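Residues per chain are reported as follows:
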Amino acid sequence: MKRRTFFTATLAAGLGLAFNAHAATQWDLASAYPAFNFHSQNLEQFTKDVSAATNGDLKITLHSGASLFKMPEIKRAVQGGQAQAGEFFMVSFQNEWQPFGLDGLPFLASNYDEAWKLYQAQRPALEKKLDQQGIKLLYAVAWPPQSIYSNKPIQSVEDLKGMKWRVYSPTTARIGELVGAQPVTIQEAELTQALATGVIEGLITSSATGADNKLYENMKYFTNVQAWIPKNAVVVNKKAFDALPKAQQDAVLKAAAQAEERGWKTSRQVDTDSIAKLKAGGMQIVEPSAELRAGLAKVGDTVIQEWTAKAGDDGKQILDAYRASK
């Protein structure tokens, strides 16, 4: 009798463990950036916050460094449910929907306060579009301002002519064309090798990307033009989110709001720290000349006019809302 009771208790305990293990929901979160990048660290804290708030009933595993999907594949993977959540660089998807590229337009928003206002103007349309694609926006965080890296001083846009120019979005490609450079599409994971092998000779990217990839080992000049402030969007498959109990949905949204606030604050500090790292690595930090600013502003006007013509009513409404907020 005792033996039967022991067996029954053991079986019940085993079934209980199996049930509890089954009850925990597991999500995969795909990101293309290395684990030490501030976006990845913010994502890691987000996953911990969700796990803590749900008592481990929702566990999100972060796959950084493009280990699950490469950057161009992540958004579609979330749409298709191959990953429940993911982070993507919005401006890279401008050809899919023009407003994705809004925060990559030159000199539309060149500081964090303006970038935040632009995001608030953009967010309603962004949420609507992603919803139509079966995705829910959790939060978005800005990169530091984009500036020019080169091996020669850049005093005017003429100095960019003929340069093998790394691009990561339709806008960066168009800028390359307008200044007479040779656009070459390179993802961040391939950046160091592309510089070391001479595939590219110059680029425009953030101070954080430059510091993370030690661009001072291959580049001599950082010209601080602060041309635009793009964002990463963190999204979840809508069906996966809707399948969660209400309490878990609320926990995810609360953690996302905290991650957004934390990420924007961190981005400001990362910009300051990254520029210091570039300088410590031997890179010359240069403020743009008046001639360069004027030339880039002219290029920027052309890019914005072209974008507005393609973006239609969605783009016009966002721009109008942004300009009214300034």
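Relevant structure appears above.
All of the points below concern the structure found in this document.

Definitions and limits used
- Residues numbered from 1 in each chain as written.
- Predicted model: local features only at pLDDT ≥ 70, side-chain atom pairs only at ≥ 80, totals over all residues.
- Heavy atoms only, no water.
- Helix = DSSP H or I, 4+ residues; strand = E, 2+ residues; numbered from the N terminus.
- Buried < 20%, exposed > 50% of the residue type's maximum accessible area, 1.4 Å probe, protein only.
- Areas by Shrake-Rupley, 256 points an atom, 1.4 Å probe, with all protein chains shown as cover.
- Lys, Arg positive; Asp, Glu negative; His and termini not counted.
- Charge placed at Lys NZ, Arg CZ, Asp CG, Glu CD.
- Pairing = 2+ DSSP bridges.
- Axes fitted to C-alpha atoms, helices over the stretch in contact; angles between N-to-C directions.
- Contact = heavy atoms within 4.5 Å.
- Core = buried A, V, L, I, M, F, W, Y, C linked by side-chain atoms within 4.5 Å.
- Salt bridge = Lys/Arg side-chain N within 4 Å of Asp/Glu carboxyl O.
- Expected span 1.5 Å × (residues − 1).
- Bend = angle between axes of the 7 residues up to and from the residue.

1. Overview of the overall build of the protein
Phase 1: The number of helices and strands found in the protein is ten helices and eleven strands.
Phase 2: Its C-alpha atoms put the protein at 90 × 45 × 30 Å along the principal axes.
Phase 3: Buried residues in the protein amount to 51% of all 326 residues.
Phase 4: Accessible surface for the protein amounts to roughly 15300 Å². Of this, 52% is attributable to carbon and sulfur atoms.
Phase 5: For the protein, the separation between the mean place of its 36 positive charges and that of its 33 negative charges on side chains is 5 Å.

2. Structural notes on the sheet that holds strand E2 (residues 58–63)
Strands pair in a sheet through their backbones, by hydrogen bonds, and they do so in one of two ways: parallel or antiparallel.
Phase 1: Spatial ordering of the open sheet is given by E2-E1-E3-E10-E4, a layout of five strands whose pairing is mixed. Each edge of the open sheet is held by one strand with a lone partner, namely E2 and strand E4 (135–142). Sheet twist, expressed as the average angle between the axes of neighbouring strands with direction ignored, equals 20°.
Phase 2: Inspection of the sheet shows strand E1 (residues 25–30) paired to E2 by six bridges, in the parallel sense. Paired with Gln-26 across the bridge in E2 is Lys-59.
Phase 3: The strands touched by helix H2 (residues 38–53) within the sheet are E1, E2, strand E3 (85–89), E4 and strand E10 (231–237), with E4 carrying the most contacts at an inclination of about 130°.
Phase 4: Across the sheet, helix H4 (residues 112–132) lies against E3, E4 and E10, angled at about 165° from E4, the strand it touches most.

3. Things to note about the nonpolar core
Phase 1: Counting 87 residues, the largest nonpolar core has Phe-46, Phe-88 and Tyr-139 as its most contacted members.
Phase 2: Ranked by residue count, the leading element in this core is helix H10 (residues 290–325), at ten residues.
Phase 3: If we ignore the near neighbours within four places in the chain, the residues touching Tyr-139 are Asn-42, Leu-43, Phe-46, Tyr-119, Asn-232, Ala-233, Val-234, Ala-256, Ala-259 and Glu-260.
Phase 4: Ile-186, Leu-215, Leu-278 and Met-283 belong to the second largest nonpolar core, which has 13 residues in total.

4. Here we look at the pairing of E3
Phase 1: Among the five residues in E3, five count as buried, and that is most of the element.
Phase 2: The alternating pattern of E3 places Ala-85, Glu-87 and Phe-89 and Gly-86 and Phe-88 on opposite faces, both of which are buried.
Phase 3: As paired elements, E1 and E3 share two bridges and run parallel to each other. Directly across from Leu-29, in E3, lies its bridge partner Ala-85.
Phase 4: Here E3 pairs with E10 via five bridges, running antiparallel. Paired with Ala-85 across the bridge in E10 is Val-236.

5. A short note on the pattern of salt bridges
Phase 1: Tallied over the full model, the rule gives eleven salt bridges.
Phase 2: Between Asp-49 and Arg-262 there is a salt bridge whose closest N-O contact spans 3.7 Å. Of this pair, Asp-49 sits in helix H2 while Arg-262 sits in helix H9 (residues 246–280), and the two are 213 residues apart along the sequence.
Phase 3: A salt bridge links Lys-246 to Asp-250, with the nearest nitrogen and oxygen atoms 2.9 Å apart. Of this pair, Lys-246 and Asp-250 both sit in helix H9, four residues apart, which is roughly one turn of that helix.
Phase 4: For Asp-250, a relative accessible area of 36% gives the class partly exposed.
Phase 5: In the salt-bridge network here, residues are joined through shared partners; they are Arg-123, Glu-127 and Glu-260.

6. Quick look at H10
Phase 1: Given a rise of 1.5 Å per residue, 36 residues ought to cover 52 Å, yet the end C-alpha atoms of H10 are separated by just 28 Å, more than 12% below that figure.
Phase 2: When the local axis directions of H10 are compared, the greatest deviation, roughly 120°, occurs at Gly-312.

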